[in-house]
Structure formats: C-alpha cells, structure tokens
Amino acid sequence: MFYSFCWWLCMIWIRVMYHVEIVGRENVPRDRGYILAANHRTNMDPIFVAAGVRAPIRYMAKVELFEKGKLFSWLLHRLGAFPVERGKGDTGAVEWAEQVVRSGAVLGMFPEGTRSKDGTPGKPKSGVAMIASQTNASVLPCAVCYGKELRFRTRLTIRYGPLIPYERLGFSQANAAPREIKAASRLIMDEIVRLLEEQA
C-alpha cells in the first residue's frame, strides 16, 4: 500500500517534470519474480525504471544512504531497499537479493554498479549475473534514454526489452564458473546497450 502510494506520487512528478514515453510494457512479466537490469546515469533512475512496472521493485542501496537520517532510512526500508556495503563482499545483501527473487518479487539492479557521468554505458559488474545464476532468475533489460542532460521537460524514454530467459544466460550449474558469469554479464549489458541504441 505504501509503495503504491509513493509510486503514484513519483509517476505524477516525473510526468510534470519530463516528457515521458514508456516503450515495451508488453515485455514486463506480471506472474513471476525476475531481475530488472538497467543503465545508470542519475540518482533518479530507480524511479524512472519503475514507471512501467507496477509490482514493487526492491533495490540494494549503498549503506551511506541509510545514514543520512532516521526519516530517510525509514523511508528506504518502507520502500523495500536493503543496505549494502560496496566493495566488501556483503554476503547478507546477496542473500537478501536471492530471497527477493525467489519470493516472486522484482529485484532492481544496475549492472554498471555506479553512475555514468557522460551517459556512455560502462563495463558491467558481476552482481546481476551472479544472483541470476543462484536463483534461476530471468533478467528484464531496461534502458533509461535521454540526451546529454536531464532538464525540465527533457524527452525521457524508458524502454523495456524482451525478457532474457535464465536458460539463455548460459549457466551450467548454480555455482557458475567465473567465465560463465562474465559472459552472462556481457550479454545482459549488451541487451541494455541495444535498447539505448534504438533511441539514438
């Protein structure tokens, strides 16, 4: 209920602020858990990628965000976010992410791991592929597309591509080999880049 209320508020806000177009709604699953993987340019991306997805999206967020005050920390928790210590092999966050997918919910992730300052897609990290390998999750690629800068009434397109089935990721077993994780990470990022290029 709280998530839905916040979702509606955010959708009203982004449509006032930007000229929003959503493409590929038909690709968004409605009957299963999956990983939503998108490019990352701005702190607003978690709101943007949720525009075409009515199911609650759960995110891992850097632990520093939860330290900005009790009210902000409470809000993040109510929206389903989970703190993660980046660069420290936070196994608790990984286990939480696996539970999200296995429960049939949507896990939102940004394969690049950090924002791109100039909009150029970065090299993917292993997180999305690793969690997919351990949960048998399919991956929904998403691209947040706009010009050089995000300003008032900027044309903003959120594009969802066809679901990447778990079988296509090429894992031979749950504990996938590093080369399999690397190949799957590239495949996922390539699909996101393809969606970005469709906008060009």
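By convention here, each chain's residues receive numbers from 1 onward along its written sequence. Since the coordinates come from a predicted model, pLDDT governs what is reported: local features require at least 70, and pairs of side-chain atoms require 80 or more to be given and counted, while whole-chain, interface and lining totals use all residues. Only hydrogens and water are set aside when side-chain values are computed; all heavy atoms of the structure are taken into account.

### Focus: the overall build of the protein chain
When helices and strands are tallied, the protein chain shows 6 helices and 7 strands. Numbering of helices and strands runs from the N terminus; a helix is a DSSP stretch of H or I covering at least four residues, while a strand is a stretch of E covering at least two. Listed by position from the N terminus, the elements making up the protein chain come as α-β-β-α-β-α-β-α-β-α-β-β-α. Each radius of gyration reported is based on C-alpha atoms, and the globular scaling rule is 2.2 Å times the count of residues to the power 0.38. Computed over its C-alpha atoms, the radius of gyration of the protein chain comes to 16 Å, within 12% of the 16 Å expected for a compact globule of 200 residues. By principal-axis analysis of the C-alpha atoms, the protein chain measures approximately 45 × 40 × 35 Å.

### Remarks on the state of the cysteines
Put simply, a disulfide is two cysteine sulfurs that come within 2.5 Å. According to the stated counting rule, one finds 0 disulfides in the structure shown. The thiol sulfur of Cys142 is not disulfide-bonded, and the nearest other cysteine sulfur, from Cys145, lies at 8.0 Å. Only protein chains enter the accessibility calculation, which uses a 1.4 Å probe; a residue is then buried when its area is under 20% of its type maximum, exposed when over 50%, and partly exposed in between. Classification of Cys142 by relative accessible area gives buried; the value is 0%.

### Considering the pattern of salt bridges
Any Lys or Arg side-chain nitrogen found within 4 Å of a carboxyl oxygen on Asp or Glu counts as a salt bridge. Taken as a whole, this structure holds 8 salt bridges when the rule is applied. Between Glu149 and Arg151 there is a salt bridge, with its nearest N and O atoms 2.6 Å apart. Judged by relative accessible area, Arg151 falls into the exposed class, the value being 54%. Each member of the salt-bridge network shares a partner with another, and the members are Arg159, Arg168, Glu191, Arg194 and Glu198.

### Description of the packing of helix H4 (residues 91–102) against helix H5 (residues 127–135)
Axis definition: a line fitted to C-alpha atoms, limited for helices to the stretch in contact. Angles are taken between N-to-C directions and run from 0 to 180 degrees. H5 packs onto H4 with a crossing angle of 55° between their chain directions and a minimal axis gap of 10 Å. The orientation of H4 with respect to H5, classified from their angle, is oblique. The chirality of how H4 crosses H5 is right-handed. In contact with Val94, Ala97, Glu98, Val101 and Arg102 of H4, H5 contributes Met130, Ile131, Gln134 and Thr135. Under the scheme applied, nonpolar residues are Ala, Val, Leu, Ile, Met, Phe, Trp, Tyr, Cys and Pro; charged residues are Asp, Glu, Lys and Arg; polar residues are all the others, including Gly. Class assignment of the residues belonging to the contact of H4 with H5 gives a composition of 5 nonpolar, 2 polar and 2 charged. In what follows, roughly perpendicular refers to angles from 65 to 115 degrees, roughly parallel to angles under 35, roughly antiparallel to angles over 145, and oblique to any angle outside these ranges. A crossing counts as left-handed when the near helix is turned anticlockwise from the far one by less than a right angle, and as right-handed when that turn is clockwise. The contact definition used throughout considers only heavy atoms, calling two residues in contact when any of these lie within 4.5 Å.

### With respect to the environment of Thr154
Among the structural elements, Thr154 can be located in the loop between strand S6 (139–145) and strand S7 (155–160). Thr154 sits in the buried class, given a relative accessible area of 13%. A sequence separation of 135 residues divides Thr154 from His19, and the C-alpha atoms of the two residues are 5.8 Å apart. Dropping the residues within four chain positions of it, Thr154 is found in contact with Met17, Tyr18, His19, Tyr146 and Glu149.

### So, the nonpolar core
Counting 29 residues, the largest nonpolar core has Ile35, Leu107, Val128, Val139, Leu169, Phe171 and Ile188 as the members making the most contacts within it. For this core, the elements supplying multiple residues, two or more each, are strand S2 (34–38), H4, strand S5 (106–109), H5, S6 and helix H6 (178–199). Top element by residues in this core is H6. It accounts for 8 residues. Discounting residues that sit within four places of it in the chain, Ile35 has contacts with Val101, Leu107, Met109, Val128, Ile131, Ala132, Ala137, Ser138, Val139 and Leu140. Grouped together as the second largest cluster of nonpolar side chains are 27 residues, Phe48, Leu140, Cys142 and Val144 included. Nine residue types can take part in a nonpolar core, namely buried Ala, Val, Leu, Ile, Met, Phe, Trp, Tyr and Cys, and a core is a set of them joined through side-chain atoms within 4.5 Å.

### Some details on the sheet that holds S7
Here, strands pair whenever DSSP counts at least two bridges between them. Taken in spatial order, the 7 strands make up an open sheet running S1-S7-S6-S2-S5-S3-S4, and their pairing is mixed. Each of the sheet's edge strands pairs with one partner strand only, and the pair in question is strand S1 (19–23) and strand S4 (82–84). The mean inter-strand angle of the sheet, taken between neighbouring strand axes irrespective of direction, is 25°. Sheet analysis places S6 next to S7, joined by 4 bridges and oriented antiparallel.

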